[in-house]
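Overview (structure and organization)
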Amino acid sequence: MSSSLPDPVLSVRDLRIGIGAGNQLLHGVSFDILPGETYGLVGESGSGKSITGLSVMGLLKSPLAITGGSIHFQGQDVLQLGKRARRRLRGDRMAMVFQEPMTALNPLVTIGRQIAEMFVVHRGLGWRDARHKAVEALESVRVPAPEERARAYPHQLSGGMRQRVMIAIALACRPDLLIADEPTTALDVTVQAGVLELIAELCRAEGTAVLLVSHDLGVIANMCGRVGVMDQGRLVEEQDTKALFENPLHPYTRGLLAARPRLGSRTVATRGRLTELDDMVASDERGRDVPTLITPRSVAAEALP
Amino acid sequence: MLRFIFRRTLQMIPTLLAVVLIIFVIFSVVPGSFISSLMAEGRNATNADVMAHLNAQFGLDKPWPVRLWNYLWGLAHFDLGISYRTREAVWGVIEPRLWPSVKLALAAMAFAAGIGIPLGFIAALKPGSIFDTGTMVVAVSGLSLPEFWFGLLLMYFFALQLGWLPSFGYQPGSFRHIILPAIALGVSPMALLARTTRAGVLDVMNADFVRTARAKGLAEPRLIGAHVTRNVLVLILTTLGLQIGSLMGQAIVIEKLFSWPGIGSLLVDSVSTRDIPVVQGTVIVIVLWFLVINMLVDIAYAVIDPRIKVD
Amino acid sequence: MQLRFNFVCGLTLVVIVIMAAVTAGWFAPYDPILDADLMVSETPPGSEYFLGTDGQGRDVFSRILYGARVSLTVGLVSQLINSCIGTALGVSAGYFGGRWDDLVNGLTNVMLAIPSLVFALAIMAVLGPGLPSLLIALGLTNWSWTCRIARSSTLSLKNQGFVQAAKAAGFGDINIMRTQVLPNILGPVLVIATLGIGSAVLAEAALSFLGVGIRPPQPSWGNMLSDARELMRAAPWAAVFPGLAIFMTVLGFNLLGDGLRDMLDPHMRTART
Amino acid sequence: MSTPLLEIRNLDVHFSLPRKTIFGQKRILRAVQGVNLTLNEGECLSIVGESGCGKSTTALTVMGLQEPTSGEILFEGKPITGADAPGRKERARIAQMVFQDPYASLNPRQTIGNMLSAQLALHEIASGSEANERVGEMLVRVGLLPDHANRYPHEFSGGQRQRIGIARALMLNPKILVLDEPVSALDVSIQAQIINLLLDLQETLGLSYIMISHDLSVVEHVSDRVAVMYFGRVVEEGDWHSIFSRPTHPYTRRLIGSVPDPDAILTGARKLPPAAPIPDAMRFSPDLSRQPNPDETPEPSTLVAIGDSHHVRLAQ
Amino acid sequence: QDATPKDGGEFIFTAPYGNSIMSLDITASPHTQDEIVAKALNSSLYKWNSESGQPELALAESVEKSADGKTYTYKLREATFHNGDSFDADDVIWSYNRLADPKKALPGAEQMLQIAGVAEFQAGTADHISGLKKIDDRTIEITFINLAEPGWNLMSNFAPIYSKDYPEDQLASKPNGLGPFKLVNYTPGSKVEFEKFDDYYEEGKPHLDKLSIMLMGEAAARDVAFRNGEIDVSVLGPVQYEAYGQEEALKDHILEVAEVYTRNVGFNPNVEAFKDKRVRQAINYAIDKNLIVEKLLKNKAYPAVSWLPVSSPAFDQDAKPYAYDPDKAKELLKEAGFETGLKFSIIGTSNESWGVPIIEAIIPMLARVGVEVSAEPVESAVLSDKILSDNFEAFIWSNSSGPDPLKFLTCFHSATPQSACNYVKFSNADFDKLIEEAGDETDAQKQIDLLKQANNLLQEEAPVWFFNYNKAVMAYQPWVQGLKANAMELAIQDYEDIWIDDSAPASRK
Ligand SMILES: Nc1ncnc2c1ncn2[C@@H]1O[C@H](COP(=O)(O)OP(=O)(O)OP(=O)(O)O)[C@@H](O)[C@H]1O
Ligand SMILES: Nc1ncnc2c1ncn2[C@@H]1O[C@H](COP(=O)(O)OP(=O)(O)OP(=O)(O)O)[C@@H](O)[C@H]1O
Ligand SMILES: [Mg+2]
Ligand SMILES: [Mg+2]
């Protein structure tokens, strides 16, 4: 490992989210994302993945509120920023793609305009120029016939296409951080593969860091260098992807890996039971941190002589 | 487009037929007749023999199936019949009232939309707050004041106390004359619109694409202007259409109060004098207006909402 | 579920009005009909007559209390009839679709298009004046909104798994409508009903204005208002107080409706702690 | 060969689409076109395919919840569609369905117990305390507690709801269980529970399943036979092993190839098994690279056997 | 004030009754609202002189009566119709033939019945009215069937003279008459605008350049408009009557007149109790009508003594009304056997002066003598329908009762059918005899005496509760001159005599 480990794009420390004081949903989550890195966040439904992503963007809706911790984006404590400054970051420096491509786009506005809006708002372009840029953006997410498509309304596109449009919007201003919250869960497997590939490719090209939220271990394995596993509001484990799959440390992670039927694992002779999570993880173990949390910093520190 | 209008126009026929039938049935059991209404003033100016002749002249001595058939037959030839009261063609009685009525309905709606929609927006942006409730109280007070009283209060205040506006009357080109009746007529749709808008905005603000717009870094005014408003409009449009559509027939009390030459007052007058052909004709006109407005609303949907699906 | 401010306000107002109606007999200092003394007509509010007297020399306060009975009965019962008709037609139309749906839809359009006041007027003329006719007249003419809502809710419900499952389990259509669809559209229907109560109270006033409402001298807020319309200057209290009563009631039911809407709105419901 | 439990013959289901614009022409969507499928006793038949290819429509037609446009469905050799179809009640004993979305498939205003015992009462199987007893048994069978009968749906988690859905489907002892994406809305951890439950039930009750899914790893795990649907038609069909070991139709291959499988990714490149050879002078159809168009009639093609109980759709 | 009329200016009048105008062709409609308009457009052979209380010649310069008193020879005036046609004897004949034509069924037909030959014409046995004879263009001879003064009928606004050459189907939309004003614009339901007709037959009239009639049925709206100076005349309701009378600025410009309407509650003798005169009298005693008139009508009415109104020539100044005497009422009821248990309902419209509010006021009064009354509000069309079809227990109504006393007392003759005007089916031999004698009496004073007796007998018999005679009240702007206290109907004014003086605001000059 190199000693000149770059400064993280995003550094979340001890993030706590709750409804009021009494009801904590996130109990101190910490992680870093390095420039150009794709960081995965997996976990069961309701474990707090989405609200983590939303809080980075500053899109938490009342009654949810950040109750503690800090979020540093490119060294800047975004929680201390004013509303306006925060808004300027959004869409420009950090962007987000949501799960549901069906409803995430305004049904009454052409997609061209929805993309162009990014350039108008963040780059101060006129609508005309912005439109040209929007067509380029569409082209870059491999939408065929972008000129024509720009005039289409969301309902005229398939789910995969719409998700591409979402990605075009998110990446329009070449952000430094892309938060993708289950970007492909609503899509077909065949379509999903294409979309994921696209995200990976574009971000690699621009050096964009990605926070990929998913509960699909396959997707995570496909995309990410490092993975954090969330369970019941805590980050219970963090490892390099490969290491995680080979040597899951936390019982919950182990359970998760075991519960999934794997393609090609069935033989003609056997059809065994799948491992259920409850068999693997005692309920009092759920949501607890493992004693040693492996972070890139500590990896870096270990690597030093 | 033309084909759509054609289809919708054809679809109006059964509705109109139902309306004619309903009115016919109701008024064949309603007590009191055109004849008795002529004698209602107690002036003894009418004579029973003459009235019997009248009955015959209007075919009222025939059995009801014949009358209904005659009416429908006339209707098929775009003939609304002869008014019992004026003995003119019904269309001639209705026609001069049409434009003032349309004007009043549109003006009332303009007022209702102009006040109600912003009010609804304001209330929805901070739902549940005292401010929201306050706005709704204002809106609802419009809804709970009998329009007669509201009209009178307006007259007293704006015409008599302030002397700003004429208190009554209709002048074809005059904007000033339409203001007070339009407000009086518009309060209740205004309240309704405020409420619909509030609900609509609340719905839209919860939509996923609004979150997307926020993630795009849009400032609140742009967010509302570019993304919320249009979508809310789709929701509001139905209410708006229904209101404009039914306003024409609802302006009864207001038209009377402000001496406005509209369809509504013609309708009650015809009901109270049992001038059935005019009642029929007026109701047909009102229903047609309603249907046409609804058709226009559907077209507007198609313009605003590219997803439009009818049927 | 968190109680909303408007819901609480609405509920309070409605409860006050209902209490007034129920306890009118105990609290009203005068008989609303027979304690009419023309000698004291148009007396301003004071110690003798708490809210003054009307043109006939009757105690406005007592009449408002008794009037609450009529106005509430009109509001509640006619709206109940409306809700029943509207729900029955709307649910069946949405559920069965096809011809029946077309028919109900057409009828709904007709009812929306024909001015309901004229309809009510005609029905009143047929049935003669009085409370029962009023209830029928208002009950038969305002169901179209309920019907529309019930229909569209049913349309969205009928393809949901649980309705399909009930069909698959062999349940009859009537049974499904009753046990699966109806309980799930009760919310919106209820909200419309609370709003409709307010408009029924007003419709009664409008009919009184046209002289075919409740049978006078029985007091209702509507006929109190229309009786007092010439007294706007001479005895404003005779109009202002019944007007205020209508306002409070309509406001109450509207706020209640709004509050119910908010509380039934799933997005708002996440606000619970 | 004995008569199969269920036979779908030449099933066509068409929908009339809303006009493209309000001024436009009426359009017809051929959701299901000429589907032939058989289900044998005790077997699990899976239907896979991309979203909108007609899987659910086929399932609903089997359930009698959707009228077929043409074609027929036979149960134990007797038609259950068309003119002399059995009544709703009778049909309920033949097949039951578990719906895709566990949240929408339970009436939020009815307790679980009421829902289940109403079915028993309707079919005059049991009533009163006997019914309650049976409901309790059924709940236990699907891994819940008898006490749960008094709860409303919102008091259950997604996995529990899906169990309730299964309990409801089993209540009337149907011969066939139609499972429309039974696990796709569920978490990985809960998926395992449900799949295990289904396998157990198949063993203990001898049920036959028609399962719809697009998750191929699940399909592989539970099915006996697999039918791949594409754009309203069956394009490949065969026993599970042939399909997964020799996926032949390009669409099937693409489907299997796109499943993100951690092991495959981590252990290196994915090896898609080779396709079976297809007869000369035949080719695949339709063109997979473009959006299917509901307005046009596809070119004629037939299912051709390419192995033991392995068919693939080919055109001349 | 200078009493010589000044020409020019605009006058804004109001038509104060609820309904819209029905038709600009007055012959098609029997409504007061339409007469208000017709009065500007049309002239009849006679017109009503409200000062003398008698009909006088209008379109005729002079008349000669034949020896038998049945044939009148009229010398017609020079006059021009609005469309420029000149007026001659043929127009009269054509107009009267048209009115009497049974196929047309015009309400004005009633005014023609007195002309000889109308009966045959209506029966279809004659193709024209034999009693109408043209002598020359300017002279016409009319024969009547009886001795009654023809002016009463021929002055009617419902019997105007139309031009024979004018297309009949245009009368409603483009009226053409001999009246002082020409139609400029008609906005149905809102207003009618006229301009001066320069060729009006009366020299130097009309004075006004423009006349507008606003249709304003709501008293409260008229009140605002009048105070705001938007209208020149407002017919007042009771409340405004009281208020205007107390306001310095308004009280000097109020015109009141005793109109010829009698408001009453009619008892249907089908109700057993009402067959007993004592019950009917008891009700008259039990109600304090003075109090009602004072409190509810704000004195905008004259408590009724009997049927004929105060302005009637046969009104008996010495007659006393029923006193308010509940004890007497109780006594009478007891005698009649209705000490308790008398119960009936009164149908009425929502009219404030003779409708449901009055019933509301008498309910507690009658309750005090043990009579239970309920109110049954109905629309006016239903009211007349129910009365004419004998479907009521009691009604409250306002009926014409003048100016011709004989005509209106004849209503109570037992031979008059209920559907004509004997609504309470009054039948009394003594009364019939008095009326018959009065009809045959040629001496005016003796006739009046007989009618007085009949009128007093009617009060004694009390077929109705005599409530009040209408007092019509009109407030006018100070610049309006020439309004007349028309007892027939205050809202029907001779527009040609009205003028605007110098104090008028600029907008009216
Ligand atoms: N608006 C809200 N009000 C109250 N609780 C909320 C709200 N939004 C989320 N939560 C709670 O916060 C927790 C974390 O939610 P989050 O959406 O982050 O889960 P997730 O890991 O993204 O799950 P999924 O995979 O289902 O998207 C959950 O327990 C959820 O119930
Ligand atoms: N009632 C209906 N009316 C019109 N079109 C319908 C109807 N039901 C289904 N469709 C259409 O028929 C086609 C097949 O639908 P179906 O639900 O069977 O697909 P599916 O394979 O189950 O898809 P998914 O995986 O998304 O559930 C789709 O294009 C769908 O839009
Ligand atoms: Mg999430
Ligand atoms: Mg499906």
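Position numbers for residues start from 1 in each chain and track the written sequence from start to end. Each chain gets a letter, beginning with A, and each ligand a number, beginning with 1, in the order they are written. Restriction of local features to residues with pLDDT of at least 70 applies here, the model being predicted, together with a cutoff of 80 or more for giving and counting side-chain atom pairs; totals for whole chains, interfaces and linings are based on all residues. Only hydrogens and water are set aside when side-chain values are computed; all heavy atoms of the structure are taken into account.

A few words on the side chain of Glu 202 of chain E. All names here are of chain E. Runs of H or I in DSSP of at least four residues are treated as helices and runs of E of at least two as strands, each being numbered from the N terminus. Note that Glu 202 resides in the loop between β9 (191-196) and β10 (210-215). Think of a polar contact as two N or O atoms within 3.5 Å of one another; within protein, one of them needs to be a possible hydrogen donor and the other a possible acceptor, and neighboring residues in sequence only count if both atoms come from side chains. Engagement of the side chain of Glu 202 in a polar contact is seen with the side chain of Tyr 200, the distance being 3.1 Å. Setting aside residues no more than four positions away along its own chain, Glu 202 makes contact with Lys 47 and Glu 496. By the convention used here, residues are in contact when the closest approach between their heavy atoms is within 4.5 Å.

Residue and element names in this part refer to chain A. Residue proximity to a molecule or strand is established when one non-hydrogen atom of the residue lies within 4 Å of it. What surrounds ligand 1 is a group of 13 residues, the closest being Ser 45, Gly 46, Lys 49, Ser 50 and Ile 51. Ser 47 is positioned such that a nitrogen or oxygen atom in its backbone is 3.2 Å from an oxygen atom of ligand 1. One nitrogen or oxygen atom from the main chain of Gly 48 is found 3.0 Å from an oxygen atom belonging to ligand 1. The protein chains hide 68% of the 630 Å² of surface that ligand 1 would expose on its own. Accessible surface is estimated by sampling points in the Shrake-Rupley manner with a 1.4 Å probe; for residues, cover comes only from the protein chains shown.

Residue and element names in this part refer to chain D. Neighbouring residues of ligand 2: Phe 15, Leu 29, Ala 31, Glu 50, Ser 51, Gly 52, Cys 53, Gly 54, Lys 55, Ser 56, Thr 57 and Glu 181. One of the backbone nitrogen or oxygen atoms of Gly 54 is found 3.1 Å away from an oxygen atom of ligand 2. Between ligand 2 and Thr 57, the relevant distance is 2.5 Å, taken from an oxygen atom to a side-chain nitrogen or oxygen of the residue. For ligand 2, whose unbound accessible area comes to 630 Å², protein coverage reaches 63%.

What follows concerns the pairing of strand β9 (residues 225-230) of chain D. Residues and elements named next belong to chain D. Three labels apply to residues, based on accessible area from a 1.4 Å probe with only protein chains included: buried if under 20% of the type maximum, exposed if over 50%, partly exposed otherwise in between. The buried count for β9 comes to 6 of 6 residues, which makes it a mostly enclosed element. Going residue by residue along β9, you find Arg 225, Ala 227 and Met 229 tucked away on one face and Val 226, Val 228 and Tyr 230 tucked away on the opposite face as well. The antiparallel hairpin formed by β9 and strand β10 (residues 233-239) contains 2 residues in its connecting segment, where Phe 231 sits at a positive phi of about 55°. DSSP-based pairing: two strands are paired if at least 2 bridges between them are found.

What follows deals with the arrangement of the chains. Among the 8 pairs of chains in contact, the pair with the most contacts is chains B and E. Separated without contact, chain D and chain E have their nearest C-alpha atoms at a distance of 40 Å.

Here we come to the sheet that holds strand β7 (residues 139-143) of chain E. Residues and elements named next belong to chain E. The sheet built from 4 strands is open, its strands ordered β4-β5-β7-β6 with antiparallel pairing. Either end of the sheet is taken by a strand with one partner, and the two such strands are β4 (60-65) and β6 (132-136). Going across the sheet, the axis of each strand differs from the next one's by a mean of 20°, ignoring polarity. The sheet contact formed by strand β5 (residues 71-76) and β7 spans 5 bridges and is antiparallel. Note on β7: the bridge partner recorded for Thr 71 is Thr 143. All axes here are fitted lines through C-alpha atoms, helices being fitted over the stretch that makes contact, and every angle between N-to-C directions spans 0 to 180 degrees. Lying on the sheet, helix α2 (residues 89-100) is in contact with β5, β6 and β7; it crosses β6 at an angle near 170°.

The analysis is restricted to geometry; functional conclusions fall outside its scope.
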